[in-house]
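# Understanding the architecture of this molecule
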Amino acid sequence: MGKHRRWIQLSIFAFVLLIVGYTVAGSLFESEERPPEAGDRVAPFALESLAGGTVGTGDFAGRPIVVNFWGTFCPPCVEETPALQRMYEKYEEEGVVILGVNLGEKPVVRVEQFVDRFGVTYPVLLDPDLDVRDRYGVRQYPTTFFVDASGVVREVKIGGMTEGYMEAAIQRLLQQ
């Protein structure tokens, strides 16, 4: 019995050692990047625009940015799109930028039809591999990041927004 007991003890020890090693290695090699929160600098990104070319946060340095992650399949996204367009038209001359980041929808023709249906003129960016979505920690649609002119995230709104909410958040950005 003593032989088997020692074998069991060594097996348990090896298993515990393996778990500890895996945990330590995971901690060492895990990305330190975390989703941006209010008070953080905006995580820079550049994506292909529906209109062609690459557009990113760096293109709008010194301007307030509203980054809206959305999908055509999302009822709150559909509801808030006309209000986002109105906010873009109202505040574009004051330098406010709205970036609509579509969440990996294929075929792109669905996104084009959606944009045409609502007359969207603000930049619509395509995140086909969901890399930016993941970097921003987006798990619910829509999710919107309000970024001031100095590049600091001032607010993160998860879920749909009313036009009044959008306007108040944009006004706060302009006062920063």
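What comes next is a walk through the structure. (Residues numbered from 1 in each chain as written. Predicted model: local features only at pLDDT ≥ 70, side-chain atom pairs only at ≥ 80, totals over all residues. Heavy atoms only, no water.)

## Observations concerning the pattern of salt bridges
- Under the definition given, this model contains 7 salt bridges.
- Arg139 is the partner of Asp134 in a salt bridge, and the nearest nitrogen-oxygen pair spans 3.5 Å.
- Among the residues examined, Arg139 registers a relative accessible area of 59% and is labelled exposed.
- Of the charged contacts, one joins Arg172 and Glu155 as a salt bridge, the two residues approaching to 2.9 Å between their closest N and O atoms. Note that Arg172 is positioned in helix H5 (residues 163–174) and Glu155 in strand S7 (residues 153–158), a separation of 17 residues in sequence.
- Residue class for Arg172 comes out partly exposed when judged on its relative accessible area of 37%.
- Residues participating in the shared-partner salt-bridge network are Arg133, Asp134 and Arg139. (Salt bridge = Lys/Arg side-chain N within 4 Å of Asp/Glu carboxyl O. Buried < 20%, exposed > 50% of the residue type's maximum accessible area, 1.4 Å probe, protein only. Helix = DSSP H or I, 4+ residues; strand = E, 2+ residues; numbered from the N terminus.)

## Some thoughts on the packing of aromatic side chains
- By the definition in use, this model includes 9 aromatic pairs.
- Summarising the aromatic geometry, the rings of Trp70 and Phe114 are spaced 4.8 Å apart at their centres and angled 25 degrees between planes, so their arrangement reads as stacked. Residue Trp70 is found in strand S3 (residues 65–70), and its partner Phe114 is found in helix H3 (residues 108–118); the two are separated by 44 residues along the sequence. Neither residue differs from the other here; Trp70 and Phe114 are each classed as buried.
- With centroids separated by 5.9 Å and ring planes inclined at 70 degrees, the aromatic side chains of Tyr88 and Tyr122 adopt a geometry described as edge-to-face. With a gap of 34 residues between them, Tyr88 in helix H2 (residues 75–91) and Tyr122 in the loop between H3 and strand S5 (124–126) connect regions that are remote in the sequence. (Phe/Tyr/Trp six-rings, centres within 6.5 Å; stacked < 30°, edge-to-face > 60°.)

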